[in-house]
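Here are the chains, one letter per residue:
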Amino acid sequence: MTLLQQIAKSPGGLGTIQLRPFPSTTNNSSFRPSGGPGAFLSAAVSQPENGADGQTTDTSASAGNEEAAKFSHIPVMAADIIELLAAAPAASSDDVPVFVDATLGGGGHAEALLDTVEHCRLIGLDRDETALAAATSRLSRFGDRFESHHVRFDRIDEVVEPGTTAGVLFDLGVSSHHLDVAARGFSFRNDGPLDMRMDRSDSLSAHDVVNTYDQKHLAAILRRNADERFAGRIAGAIVAARPIDGTIRLAEVVTGAIPAPALRNNRQPAARTFQALRIEVNSELDLLEPGLRVAIDSLATGGRIAVLSYHSGEDRIVKGVLRDESRVGPATRPDLPPPTGVEPRLRLLFSGGRTAGEAEVAVNSRAASARLRAGERTGVTT
Ligand SMILES: C[S@@+](CC[C@H](N)C(=O)[O-])C[C@H]1O[C@@H](n2cnc3c(N)ncnc32)[C@H](O)[C@@H]1O
């Protein structure tokens, strides 16, 4: 059974079928949508109860077997993503379409794409070797149609030539696995070391940030990465409580710094601080623009980029890059065709960001904050 079939059959999935037509300028004859032409199932499956920022309340994994625990991550807006990407053609009529999943994670979106687009190839990248191992095992049934690389997405050009891909997917942020496995240090619910590195060969950890950044710097990253309104107070409390070693201790310090009235309606007062630290540790915002630009370089004419972001800081960057790449040059007047050389190399597939349907959000709280943006490469090469 394919992933999309499982989604449709799962608890919550049956009642969640939505038809969502997408604009398509190209036809890929090997694309066979299960809901009929121009329509797709909107994805939704059950999962453990999730809180804000995707932090689960499932504490069943013990420290000893956590790393070996099954990598479970429900792909967000899977049907929307597959419909968008599957419409892109191969780089040439002799080739099969080549897709890049720039954030492979558990391989959920990748599996759906490989199942749906007959004969396509998929190259999966992840900076986390645990994710790569899990996805590689899950996708082994596709043989040489799938390959994976331990490469950060701002270096897509190391694995594909410019102008050769049919589509690139970015599903940003952490996977459920990161949050579920306490030893990775992302969770404010389950005690673990202050780590938060997606790539464990990187040198900077959350422990370094929490215990060595000065108060001003800490407050600045809480504001920039998570719009934390109590950034100054939290940064002060962290500095005063040093040394801080574990995630639960950090969560206590953060909670203690937030005024009581603001705690009343906030079930997860440490969520924003954990998000901000994770983004800092992994330079997530800094890598995003170069990653998107190099992904657009990699697209063949008609190739598509789809990006799922989960908070305003990410979405601002995605929106800015896609807008910039699709903007007609400044010398153009709306009543005249654009002068040669200033046509954009991307066109937006829809305006604004798309969000997940209510039914999907009801069974996958991670989908609640998702925003999907997408573009298609024009024939312009500069
Ligand atoms: C939300 S998960 C992807 C889940 C995946 N779409 C699925 O269906 O299973 C995001 C993944 O991107 C990876 N990641 C984040 N930033 C990255 C970067 N700059 N380069 C490569 N991988 C990155 C993370 O390690 C994580 O495994």
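Being a predicted model, the structure only gives us computed values, none of them experimental.

Trainee: Which residues make up the packing of helix α12 (residues 284–298) against helix α13 (residues 312–326), and what are the values?
Mentor: Axis separation between α12 and α13 bottoms out at 10 Å; the angle between their running directions is 30°. Relative to α13, α12 is oriented roughly parallel. Crossing handedness for the pair α12 and α13: right-handed. Mapping the contact onto sequence places E284, L285, L288, E289, L292, R293 and I296 in α12 and G313, E314, I317, V318, V321, L322, D324 and E325 in α13. Among the residues making up the contact of α12 with α13, the classes are represented as eight nonpolar, one polar and six charged.

Trainee: Talk me through the site of the ligand; I want residue IDs and the actual numbers.
Mentor: Neighbouring the ligand are 26 residues, the closest being G106, H109, D126, F153 and D171. Backbone polar atom of G107 to an oxygen atom of the ligand: 3.2 Å apart, as the coordinates give it. R127 is positioned with one of its backbone polar atoms (N or O) 3.2 Å from a nitrogen atom of the ligand. With respect to the detected pockets, the ligand is housed in the largest cavity. Looking at side-chain class alone, the shell around the ligand contains ten nonpolar, ten polar and six charged residues.

Trainee: Tell me about helix α11 (residues 271–281), and please be specific about residues and values.
Mentor: The buried count for α11 comes to ten of eleven residues, which makes it a mostly enclosed element. Taken residue by residue, α11 has A271, T273, F274, Q275, A276, L277, R278, I279, E280 and V281 as its buried positions. On the buried face of α11, the contacting elements are α6 (206–212), α7 (215–226), α8 (231–241), α9 (247–257), α12 and α13. Positive phi shows up at S283, right after α11, with a value of about 45°.

Trainee: Break down the sheet that holds strand β5 (residues 299–309) for me, with residues and values.
Mentor: Strand order across the open sheet formed by seven strands is β3-β2-β1-β4-β5-β7-β6, with mixed pairing between neighbours. This sheet does not close on itself; its edge strands, each paired only once, are β3 (146–149) and β6 (346–348). Each strand axis lies, on average, 20° off the axis of its neighbour in the sheet, ignoring direction. Both strand β2 (residues 121–125) and β3 contribute to a ladder of four bridges, which runs parallel.

Trainee: With reference to specific residues and values, describe the nonpolar core.
Mentor: By size, the foremost hydrophobic cluster in this structure holds 35 residues, and its most contacted members are L218, I234, I238, L250 and L277. The set of elements that each furnish at least two residues to this core consists of α6, α7, α8, α9 and α11. One finds F99, L113, L169 and A367 within the second-largest nonpolar core, a separate group that totals 34 residues.

Trainee: Tell me about the packing of helix α2 (residues 78–86) against helix α3 (residues 108–116), and please be specific about residues and values.
Mentor: Remark: α2 packs on α3, axes separated minimally by 10 Å, with the N-to-C direction vectors making an angle of 45°. In this view, α2 runs oblique relative to α3, as classed from their interaxial angle. You can see that α2 and α3 cross each other, and the crossing is right-handed. Residue-level inspection shows A78, I81, I82 and L85 of α2 in contact with α3, the latter providing H109, A112, L113 and T116.

Each value, and the rule that gives it
- Residues numbered from 1 in each chain as written.
- Predicted model: local features only at pLDDT ≥ 70, side-chain atom pairs only at ≥ 80, totals over all residues.
- Heavy atoms only, no water.
- Axes fitted to C-alpha atoms, helices over the stretch in contact; angles between N-to-C directions.
- Helix = DSSP H or I, 4+ residues; strand = E, 2+ residues; numbered from the N terminus.
- Parallel < 35°, antiparallel > 145°, perpendicular 65-115°, else oblique.
- Left-handed = near helix turned anticlockwise from the far one by under 90°.
- Contact = heavy atoms within 4.5 Å.
- Nonpolar A, V, L, I, M, F, W, Y, C, P; charged D, E, K, R; others polar.
- Near = heavy atom within 4 Å.
- Polar contact = N/O pair within 3.5 Å; in protein donor to acceptor, adjacent residues only side chain to side chain.
- 1 Å grid on protein atoms, 1.4 Å probe; cavity = no way out; pocket = protein on both sides within 12 Å on 5 of 7 lines; lining within 4 Å.
- Sits in = over half its atoms within 2 Å of the grid points.
- Buried < 20%, exposed > 50% of the residue type's maximum accessible area, 1.4 Å probe, protein only.
- Pairing = 2+ DSSP bridges.
- Core = buried A, V, L, I, M, F, W, Y, C linked by side-chain atoms within 4.5 Å.

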